[in-house]
Amino acid sequence: MRQQPEKSLRQRALEYLSKREYAAAELAQKLKAYASETDDIAALIADFKTRGWLSDARYAEQMVHARQAKFGAARVANELREKGVDDVLVAEAVAVLQVNEVERASEVWRKKFKASPTTREDWAKQARFLQSRGFTFDVIKKILNRHAEDDSAEDHH
């Protein structure tokens, strides 16, 4: 059996990018495992950015699109920061998500819970769930209080 020639760092980077978007810092981290002392990962990343093959803005946009149905702005922002995305891009992503945060939180809540909280324990459980998904306490209060009001209004008819 013939041994495959060692892939260049450039080839590896292109393979990663052909599968999905990466943040620059994330891609650099993945490439470190394969780099030799002569490899210049920073130069490779800079070259890919110049060519438009690698874009933190595109990565952030894709992450927002993929995560918005399940997660709040805080959770998405945290994930972007963990991947090394610049604070300016994180702020832009959060701004996009906050436009319809209450509607998205309501949808996430509706998929998980069939009924409004009737006890303090239920309220706390549902609030913790929404908080774990990255929704702010203000949004959580709006959702849980709105659904509780809707239920009590239905009871009076």
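Note that this is a predicted model, so its numbers are computed, not measured.

Side note on the layout of surface pockets
Phase 1 of the analysis: Computed from the structure, the largest pocket encloses a volume of approximately 160 Å³.
Phase 2 of the analysis: Taken together, Ala57, Ala60, Glu61, Val64, His65, Gln68, Leu89, Glu92, Ala93 and Val96 make up the full set of residues lining the largest pocket.
Phase 3 of the analysis: Listed by contribution, the elements that provide at least two residues to the lining of the largest pocket are helix H4 (56–67) and helix H6 (87–98).
Phase 4 of the analysis: Looking at which element gives the most residues to the lining of the largest pocket, the answer is H4, with five residues.
Phase 5 of the analysis: In terms of residue class, the lining of the largest pocket is made up of six nonpolar, two polar and two charged.

Considering the pattern of salt bridges
Phase 1 of the analysis: All told, the structure shown has 10 salt bridges when counted by the stated rule.
Phase 2 of the analysis: Between Arg67 and Glu79 there is a salt bridge whose closest N-O contact spans 2.7 Å. On the criterion of sequence distance, the pair formed by Arg67 in helix H4 and Glu79 in helix H5 (residues 73–82) is long-range, its members being 12 residues apart.
Phase 3 of the analysis: Owing to a relative accessible area of 28%, Arg67 belongs among the partly exposed residues under this scheme.
Phase 4 of the analysis: We note a salt bridge from Arg75 to Glu79, for which the minimum N-O separation is 3.6 Å. Of the two residues, Arg75 and Glu79 are both situated in helix H5; the distance of four residues between them amounts to about one turn of the helix.
Phase 5 of the analysis: Accessibility expressed as a relative area gives 14% for Glu79, which makes it buried.

Some thoughts on the nonpolar core
Phase 1 of the analysis: Tyr59, Val76, Leu80, Val85 and Val90 are the most contacted members of the largest nonpolar core, which totals 16 residues.
Phase 2 of the analysis: At the level of elements, H4, H5 and H6 are the ones that each hand at least two residues to this core.
Phase 3 of the analysis: When residues of this core are assigned to their parent elements, the largest contribution, five residues, is made by H6.
Phase 4 of the analysis: For Val90, the residues in contact, after removing those within four places along its chain, are Ala77, Leu80, Arg81 and Val85.
Phase 5 of the analysis: Counting 14 residues, the second largest nonpolar core, distinct from the first, contains Leu9, Tyr16, Ala28 and Leu44.

Quick look at helix H8 (residues 120–132)
Phase 1 of the analysis: Relative to the 18 Å expected for 13 residues at 1.5 Å per residue, H8 spans 18 Å between its end C-alpha atoms, a close match to the ideal helical length.
Phase 2 of the analysis: Residues of H8 that are buried include every one of Gln126, Ala127, Phe129 and Leu130, and no others. Down the axis of H8, the sector holding all buried residues measures 160 degrees, keeping them to one side. Of the exposed residues in H8, the ones pointing more than 90 degrees away from its buried face are Arg120, Glu121, Arg128 and Gln131.
Phase 3 of the analysis: Phi turns positive one or two residues past the end of H8, at Gly134, with a value near 95 degrees.

Describing the environment of Arg12
Phase 1 of the analysis: As for its placement among the helices and strands, Arg12 is situated in helix H1 (residues 9–19).
Phase 2 of the analysis: Note: C-alpha distance between Arg12 and Tyr34 (22 residues apart in sequence) is 8.7 Å.

With respect to the packing of helix H2 (residues 24–32) against helix H3 (residues 41–51)
Phase 1 of the analysis: Contact geometry of H2 with H3 gives a least axis separation of 10 Å together with a crossing angle of 140 degrees. One way to sum up the angle between H2 and H3 is to call them oblique. Remark: the crossing between H2 and H3 carries right-handed chirality. Counted together, Ala24, Leu27, Ala28, Leu31 and Lys32 of H2 and Ile41, Leu44, Ile45 and Lys49 of H3 form the full contact between these two elements.

A short note on the packing of aromatic side chains
Phase 1 of the analysis: All told, the structure shown has four aromatic pairs when counted by the stated rule.
Phase 2 of the analysis: Summarising the aromatic geometry, the rings of Trp123 and Phe137 are spaced 6.2 Å apart at their centres and angled 70 degrees between planes, so their arrangement reads as edge-to-face. Taken together, the residues Trp123 in helix H8 and Phe137 in helix H9 (residues 137–155) connect sequence positions 14 residues apart.
Phase 3 of the analysis: On the basis of relative accessibility, which here comes to 24%, the residue Trp123 falls in the partly exposed class.
Phase 4 of the analysis: Just above the ring of Tyr34 sits the side chain of Arg12; from NZ or CZ to the centre is 3.7 Å.
Phase 5 of the analysis: For Arg20, the ring lying beneath its charged end belongs to Tyr22, and the centroid distance is 3.9 Å.

Cut-off values and rules
- Residues numbered from 1 in each chain as written.
- Predicted model: local features only at pLDDT ≥ 70, side-chain atom pairs only at ≥ 80, totals over all residues.
- Heavy atoms only, no water.
- 1 Å grid on protein atoms, 1.4 Å probe; cavity = no way out; pocket = protein on both sides within 12 Å on 5 of 7 lines; lining within 4 Å.
- Points joined across faces, edges and corners; volume = space filled by probe spheres on them.
- Helix = DSSP H or I, 4+ residues; strand = E, 2+ residues; numbered from the N terminus.
- Nonpolar A, V, L, I, M, F, W, Y, C, P; charged D, E, K, R; others polar.
- Salt bridge = Lys/Arg side-chain N within 4 Å of Asp/Glu carboxyl O.
- Buried < 20%, exposed > 50% of the residue type's maximum accessible area, 1.4 Å probe, protein only.
- Core = buried A, V, L, I, M, F, W, Y, C linked by side-chain atoms within 4.5 Å.
- Contact = heavy atoms within 4.5 Å.
- Expected span 1.5 Å × (residues − 1).
- Arc of directions from axis to C-beta.
- Axes fitted to C-alpha atoms, helices over the stretch in contact; angles between N-to-C directions.
- Parallel < 35°, antiparallel > 145°, perpendicular 65-115°, else oblique.
- Left-handed = near helix turned anticlockwise from the far one by under 90°.
- Phe/Tyr/Trp six-rings, centres within 6.5 Å; stacked < 30°, edge-to-face > 60°.
- Lys NZ or Arg CZ within 6 Å of the ring centre and 35° of its normal.

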